[in-house]
Amino acid sequence: MKKKLLAGLLALGMVASLAACSNTETTTSTNPSTAPSTESTAPSTGADMSSLDVGVFYYQYSDVYITSVRNQMDAKLDELGVKYTDYDGQNTQPTQLDQINTAITNGCNLLIVNIVETSSPDAAQQAADAAKNAGIPIIFFNREVSDDVVNSYENCAFVGTDAAEAGHMQGEMIADYLIENYDAVDLNGDGKISYVLFKGQEGNAEAEYRTQFSVEDANKILAENGHGTAEDPALTFYAPDNTSGYLVDTTGAWSAQAATDYMNTILAEYTEANGNMVEMVIANNDGMAEGAISALQGAGYNQEGGDKIIPVFGVDAIDSAKEKIDKGIMTGTVMQDAEGMADTLIALLTNVGNGEELMANTDSFNVDDSVAKIRVPYGLYQGE
C-alpha cells in the first residue's frame, strides 16, 4: 500500500499532549510525582486536558516490551496531568473486555487498547462496539487488529508497526552476520546452520511474519552469497521431524521461561559432542531471546568475554537485551520503538483533548491509505 512519509518519528518527539488511565488490576494516576524518570518528548499544547478520563488496557504487564511502552506512556501522561488508569489484562481476553466495560461504566471517555486475542477479530470488534455504543474514541495499539474493525467506527484507530518489516529486517541482519561468520557458526562443519526459532504466539500477525521472513529472507540472501540454494537452504531447523520450523509459547505469553525450558530440553540432546548442536537462535522477541541465553549460559555458552558463542537474535531492543549485545552475549535485535509508539498515541490523544478528529494532524505519519492505521518504523540494534 502507498504510505505517507514518517517525518523523523525516531529522532524527534511527537508534538502532542493528552491522556490515559493506569493499573495492575486498576491503578489510577493523576499525580506527576509518581511518574517513572523517563523524560517525555511530547510537549504540552497548553490545551485543558482535565475533561479526559482515559483507560489504557495492556494485554499483560509481564511482557517486557509492553512494560517499556507502559513506562513511556505513564511518564508522558503524568507530565500532561491527565487522569488515566492502566489495566493489566493478564493475557486473558474475557478479563480485558470486563475491564473495558467497567471503565466505560465508571465514566472513562477514551480507550487505548492493547488487545489480548489476535487470532480472530471478535474481541477487538467487541471492544470497538463498546466504545461506539458509549460514543467515545478507541485507539488500538501494538497488537494488530483487522481493517474491518477499525473501519467499523469513525472514532477508532490503530497505532502499531508494519508486522512484516521486523521479519524482513531480522532476516537481513541474520544473513549479514552469517556471511561474515559462517564457518565459525557452523560448529559441526556440515555446511548448514542448525537453528531453533521461538515463535511466541500462534495467529499473532507479528509472530507469523517474523517467523516466516526471518528465515526465508536470510536463506535467500545466503543463497545469493554462495551458502545453500533455494532447493537446499543454508538454514535448517534443528529438529527435522518438526515440519513447522518453530517452537511456540503455548501460553501465548512470548515468555522468557518458555524459551528457557525449551532450550534446556534441546541442550540435553543436541550438543557439540553429538555433532548436532543448535548453532543459532532466532526469537520473535527479546524476552524469549534472553530466556534462550539463560539456558545456553547454563551449558557454558554465551558468557561475557567467553569464546563459545551461539548467535542469538531477537526483536524489541529492550534495555537488558541491548546490554547483552554490547557485552557480546547476544548478537542483534530489531528495535521496536516503545517511545515512538507512546508518542504517536499521545499525538492522537491530543486530538481528542483538543476536540479535533481522531486522525487530525497526521499528514507526517506513516498512515495506511484506506484505514486509520499508523505504522511506527523499526530499526536495528547490533551494539554501540
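Residues numbered from 1 in each chain as written. Predicted model: local features only at pLDDT ≥ 70, side-chain atom pairs only at ≥ 80, totals over all residues. Heavy atoms only, no water.

> What is the right way to read the confidence of the model for the chain from this model?
Note that predicted coordinates carrying low pLDDT should not be read in detail. With 88% of its residues at a pLDDT of 70 or more, the chain shows a mean pLDDT of 89. For residues 1-25, every residue scores under 50 in pLDDT, and the model assigns this stretch 121 contacts once sequence neighbours within four places are set aside. The low-confidence segment residues 30-46, where pLDDT is below 50, has 39 contacts with residues more than four positions distant or belonging to other chains. (pLDDT = per-residue confidence, 0-100. Contact = heavy atoms within 4.5 Å.)

> Help me understand helix α1 (residues 64-80), please; the structure alone is not making it clear to me.
An α-helical turn contains 3.6 residues, so a residue and the one three or four places further along point in the same direction. Taking 1.5 Å of rise per residue, 17 residues should cover 24 Å, and α1 covers 25 Å from first to last C-alpha, within 8% of that figure. Most of α1 is tucked away: 12 of the 17 residues are buried. For α1, every residue scored as buried is listed here: Tyr65, Ile66, Val69, Arg70, Gln72, Met73, Asp74, Ala75, Lys76, Leu77, Asp78 and Leu80. Glycine 81 sits one or two residues past α1 and shows a positive phi near 75°. (Helix = DSSP H or I, 4+ residues; strand = E, 2+ residues; numbered from the N terminus. Expected span 1.5 Å × (residues − 1). Buried < 20%, exposed > 50% of the residue type's maximum accessible area, 1.4 Å probe, protein only.)

> Would you mind going over the sheet that holds strand β7 (residues 193-198) with me for this structure?
Strand pairs in the sheet, formed through backbone hydrogen bonds, run parallel or antiparallel to each other. Pairing within the open sheet is mixed, and its 6 strands lie in the order β8-β7-β9-β10-β11-β13. Each edge of the open sheet is held by one strand with a lone partner, namely β8 (235-237) and β13 (378-381). Going across the sheet, the axis of each strand differs from the next one's by a mean of 25°, ignoring polarity. Sheet topology note: the β7/β8 ladder contains 3 bridges and is parallel. Within the sheet, the bridge partner assigned to isoleucine 193 lies in β8 and is leucine 235. Against the sheet, helix α7 (residues 256-269) engages β7 and β9 (280-283), with an angle of about 150° to β7. Set on the sheet, helix α8 (residues 286-298) makes contact with β7, β9, β10 (312-316) and β11 (332-336); between it and β10 the angle comes to about 150°. (Pairing = 2+ DSSP bridges. Axes fitted to C-alpha atoms, helices over the stretch in contact; angles between N-to-C directions.)

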